Amino acid sequence: MTPVQAVIAKELRGCFVSPIVYVVGAVFLLIFGFLSYLYVGFASAQAIQLMQQMQGGAQINLNDLVFRNLFASMRLVLLIILPILTMRLFAEERKLRTFELLMTSPISIMEIVTGKFVSVFLIYLGLLGLTGLVPTVLMLFSDFDWNPVLTGYLGMALLGALFLSVGVFASALTENQIVAAFVSFGLLLTGWLISGLGSLLGDTASGRVIAYISFMEHYDRLVRGLIDTSDLVYFGSSLIFMLFLTHRVVESARWK
Amino acid sequence: MIDVHNITKRYGHHTAIDRVTFSVAKGEVLAFLGPNGAGKTTTMRILTCFMPPTEGTARVAGFDCADQPIEVKRWIGYLPETPPLYQELTVTEYLTFVGRLRGMTGRNLTSALDQTIGRLELGSVRHRLIANLSRGYRQRVGLAQALLHDPPVLILDEPTVGLDPKQIIEIRELIKSLAGSHSVILSTHILPEATAVCQRVVIISGGHIVAEDTPEQLSARLRQSEKISVTLRTPSMGCEAKLRAIPGVLNIFPGQTGGNLLIECALGRDMRDEIARVVVANHWGLLELRTVSMTLEDVFLQLTRHEDNQPLPAEAMAARTADGAVATEDPVA
């Protein structure tokens, strides 16, 4: 087991003995399930209406009516829930002085940051995997196209990774977990709201740049079933950028 | 093994340590003594690459702490002031994690784990959560963490804090047993600990090194004269004058009890037999005759109290301790 794997294993173990993961996981799954139920309910109500108007034979598009709405709503849920998952990563180490152990072990800061990020990402992927139950059950009772659902899941995975990296960064800034959670809320909300600024500025150069910086349009395209290399590049590069910033923050903590 | 040259650490306008220079040979145990806030922890943090010095160089086993931190860290076992423990892990899990962080794997790790647990007598708690351990056990787990990979250099920040007297003796024995094969720096403000465990003492105060030597030499050096305590059964009126007449006797003070005298003699001469001869010849009844030595505690207080009044140039002190000559002037005056 390499040092990075040791960090991942320790973090996973730490997550599962603390109640945070269970609470976050339960809330996440509950909201996902509830939203799915709502959208399926709306869809079937619409189907009944259509059937009455057209005298039967109406085909409801689950992809548009259920999954797109579901994935779009999950943005907000992830924004609220994921900072709770990441807040303790560095803040707790600082508070309990275990940070000193990590920093005096023969392991690089990048390895520590990577290990911590990967551990929460794995937990998040596990939660996403559990939500797979919803499309699986729907598949039994209806027909829909799996491809946009899979790109939606890809979008959720990438968006989650980005949110988690922002959370890891915020956690490295402070030794107070609450502050860490709020800083990541703030950063993510800003990332959301600047897309509004981008559309306000319209099709100008600055408007396009601001809209590009926000995660909104990149996520929307994936939810609509479009895989564009530029979106993948966006998620990949912003993830790496956030982890790099985390590295700098952790490094600078040594100078204080 | 450890070479610290002129390191300075500033936090904003506050200078935590100022041009500190010392070295530790292979197999040597060095005590870092000083009042709280003297710069002990800062120095240790620089040596363990937790933070870089503002100026100067620190080298461990030939590797520079600022430029080759990973190599330095491989050589070091470090017990910080607060043992860095994860409450949610058991002792075994915690030590396994620490071992893996240091690149230990497989059988190598298991045997080191068993050995360290045995050495620190943690066998009975090895499967308990660290959160549920008493302070003494936590301190020992912290020490186990530092010893696990059998590092050639050990840096221990107050290793016996929180232990009961029996455990303190055990840990001191353990540290003594490490001498010879390991270089150890330990910080403490418990003076007998330094005398019991260490071959050399560095006294640091206000960020400066104020003295560096063996505990015995330190007290000898700071003594300006030999002092001999004499207790007489039947002192006569003229006894003080007669004792003062012995060549070499500088001064005589009355002691705490009647019949007790404190005789100050020239440095480097043992006057006890001459004093005894005079006492016996005069039939004063010799009850007790002994040299009064300065404890490390006295030395420590003298040196650190001095710091408060007027700073002693570090160079002067270094020169004094380096040339090995007996100090003739009083550093406190």
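Reading the values: rules and limits
Residues numbered from 1 in each chain as written. Chains lettered and ligands numbered in written order. Predicted model: local features only at pLDDT ≥ 70, side-chain atom pairs only at ≥ 80, totals over all residues. Helix = DSSP H or I, 4+ residues; strand = E, 2+ residues; numbered from the N terminus. Buried ≥ 20, exposed ≤ 12 C-beta atoms within 10 Å, placed from the backbone. Contact = placed C-beta atoms within 7 Å. Domains from an automatic or database assignment. Pairing = 2+ DSSP bridges. Axes fitted to C-alpha atoms, helices over the stretch in contact; angles between N-to-C directions. Nonpolar A, V, L, I, M, F, W, Y, C, P; charged D, E, K, R; others polar. Expected span 1.5 Å × (residues − 1). pLDDT = per-residue confidence, 0-100. Parallel < 35°, antiparallel > 145°, perpendicular 65-115°, else oblique.

**Let's talk about the overall build of chain A**
Next, step 1: From N to C terminus, chain A includes 12 helices and 0 strands.
Next, step 2: When the helices and strands of chain A are listed from N to C terminus, the series reads α-α-α-α-α-α-α-α-α-α-α-α.
Next, step 3: Burial statistics for chain A: of 256 residues in total, 37% are counted as buried.
Next, step 4: When contacts within chain A are restricted to residue pairs at least 6 apart in sequence, long-range pairs at least 24 apart make up 77% of them.

**As for the overall build of chain B**
Next, step 1: When helices and strands are tallied, chain B shows 12 helices and 14 strands.
Next, step 2: Every one of the 333 residues in chain B was classed for burial, and the buried ones make up 40%.
Next, step 3: Within chain B, contacts between residues separated by at least 24 positions form 70% of all contacts whose residues are at least 6 apart in sequence.

**Re the domain arrangement of chain B**
Next, step 1: According to the domain assignment, chain B contains domain 1 (2-219) and domain 2 (224-292).
Next, step 2: Put simply, the middle of domain 1 of chain B and the middle of domain 2 of chain B, counted by C-alpha atoms, are 46 Å apart.

**Digging into the sheet that holds strand β14 (residues 286-292) of chain B**
Residue and element names in this part refer to chain B.
Next, step 1: Taking strand neighbours across the sheet as the criterion, the 4 strands line up as β12-β13-β11-β14 in an open arrangement whose pairing is antiparallel. With one partner strand each, in any of the chains shown, β12 (249-254) and β14 form the two edges of the open sheet. If you compare each strand with its neighbour and ignore which way they point, the axes differ by 20 degrees on average.

**Quick word on the interface of chain A and chain B**
Next, step 1: Contact with chain A, which involves 20 residues of that partner, is made by 24 residues of chain B.
Next, step 2: If you list the elements that add at least two residues to the side of chain A that touches chain B, you get α1 (3-17) and α5 (99-103) of chain A.
Next, step 3: In terms of residue count, α1(A) provides more of the side of chain A that touches chain B than any other element does, 6 residues in total.
Next, step 4: Taken together, the residues of the side of chain A that touches chain B break down into 9 nonpolar, 6 polar and 5 charged.

**A closer look at helix α12 (residues 229-253) of chain A**
Next, step 1: Taking 1.5 Å per residue, 25 residues should reach 36 Å; α12(A) reaches 36 Å between its end C-alpha atoms and fits that length.
Next, step 2: Tucked into the core, α12(A) has its buried residues touching α4 (88-95), α6 (109-131), α8 (146-173) and α11 (216-223) of chain A.

**Here we look at the sheet that holds strand β2 (residues 14-24) of chain B**
Residue and element names in this part refer to chain B.
Next, step 1: The antiparallel open sheet is built from 4 strands, whose spatial order is β2-β1-β4-β5. Every interior strand has two partners, whereas the edge strands, β2 and β5 (63-64), have only one.
Next, step 2: In this structure, strand β1 (residues 2-11) lies alongside strand β4 (residues 55-60), joined through 5 bridges in antiparallel fashion. Opposite I2, over in β4, you have V60 as the bridge partner.

**Here we look at unusual backbone geometry**
Residues and elements named next belong to chain B.
Next, step 1: A positive phi angle is found at A61, which is not glycine, with a value near 50 degrees.
Next, step 2: Position of A61 relative to the elements: it lies in the loop between β4 and β5.
Next, step 3: Unusually for a residue other than glycine, E121 sits at a positive phi of about 55 degrees.
Next, step 4: Assignment of secondary structure puts E121 in the loop between α4 (106-119) and α5 (135-147).
Next, step 5: Owing to 13 C-beta atoms within 10 Å, E121 belongs among the partly exposed residues under this scheme.

**Focus on the environment of P106(A)**
Next, step 1: The residue P106(A) is located in the loop between α5 and α6 in this model.
Next, step 2: For the pair P106(A) and L128(A), spaced 22 residues apart in sequence, the C-alpha to C-alpha distance is 34 Å.
Next, step 3: Ignoring any residue separated from it by four or fewer positions in sequence, one finds P106(A) in contact with I70(B), K73(B), R74(B), R102(B) and G103(B).

**Structural notes on the pairing of strand β9 (residues 200-205) of chain B**
Residue and element names in this part refer to chain B.
Next, step 1: Of all 6 residues in β9, 5 are buried; the element is thus mostly enclosed.
Next, step 2: The pairing of strand β3 (residues 29-33) with β9 spans 4 bridges and is parallel. Looking at β9, one finds that A31 is bridged to V201.
Next, step 3: Where β9 lies against strand β10 (residues 208-213), 5 bridges are found, and the strand directions are antiparallel. For I204, the partnering residue across the bridge sits in β10 and is I209.
Next, step 4: Here β9 folds back onto β10, and the loop between the two strands holds 2 residues, one of which, G206, carries a positive phi near 60 degrees.

**Details of the environment of Y234(A)**
Next, step 1: You can see Y234(A) is positioned in helix α12.
Next, step 2: Sequence-wise, Y234(A) and L158(A) are 76 residues apart; in three dimensions their C-alpha atoms are separated by 9.8 Å.

**Some points on the confidence of the model for chain B**
Next, step 1: In the predicted model, chain B carries a mean pLDDT of 82, and the fraction of residues at 70 or more is 86%.
Next, step 2: Across the whole predicted complex the pTM is 0.81, and at the interface the ipTM reaches 0.86.

**Thoughts on α6(A)**
Residues and elements named next belong to chain A.
Next, step 1: Relative to the 33 Å expected for 23 residues at 1.5 Å per residue, α6 spans 34 Å between its end C-alpha atoms, a close match to the ideal helical length.
Next, step 2: Buried within α6 are the following residues: I112, V113, G115, K116, F117, S119, V120, F121 and Y124.
Next, step 3: Contact partners of the buried residues in α6: α1, α3 (62-86), α4, α5, α8 and α12.

**Some words on the packing of α8(A) against α11(A)**
Describing two packed helices takes the angle between their axes plus the distance from one axis to the other.
Residues and elements named next belong to chain A.
Next, step 1: The contact between α8 and α11 brings their axes to 7 Å, and the two run at 155 degrees. The orientation of α8 relative to α11 falls into the category roughly antiparallel. Taking contact as the criterion, the partners of T151, G152, L154, G155 and L159 in α8 are, on α11, Y219, L222 and V223.
Next, step 2: For the contact of α8 with α11, the class distribution of residues is 5 nonpolar, 3 polar and no charged.

**Points about the pairing of strand β11 (residues 226-232) of chain B**
Residues and elements named next belong to chain B.
Next, step 1: Residues E226, I228, V230 and L232 line the buried face of β11, whereas the alternating positions K227, S229 and T231 sit on a face that is not buried.
Next, step 2: Pairing of β11 with strand β13 (residues 260-265), which is carried by 6 bridges, proceeds in the antiparallel orientation. By the bridge assignment, I228 is partnered in β13 with I263.
Next, step 3: As paired strands, β11 and β14 are joined by 6 bridges and run antiparallel to one another. Paired with K227 across the strands is V292, a residue of β14.

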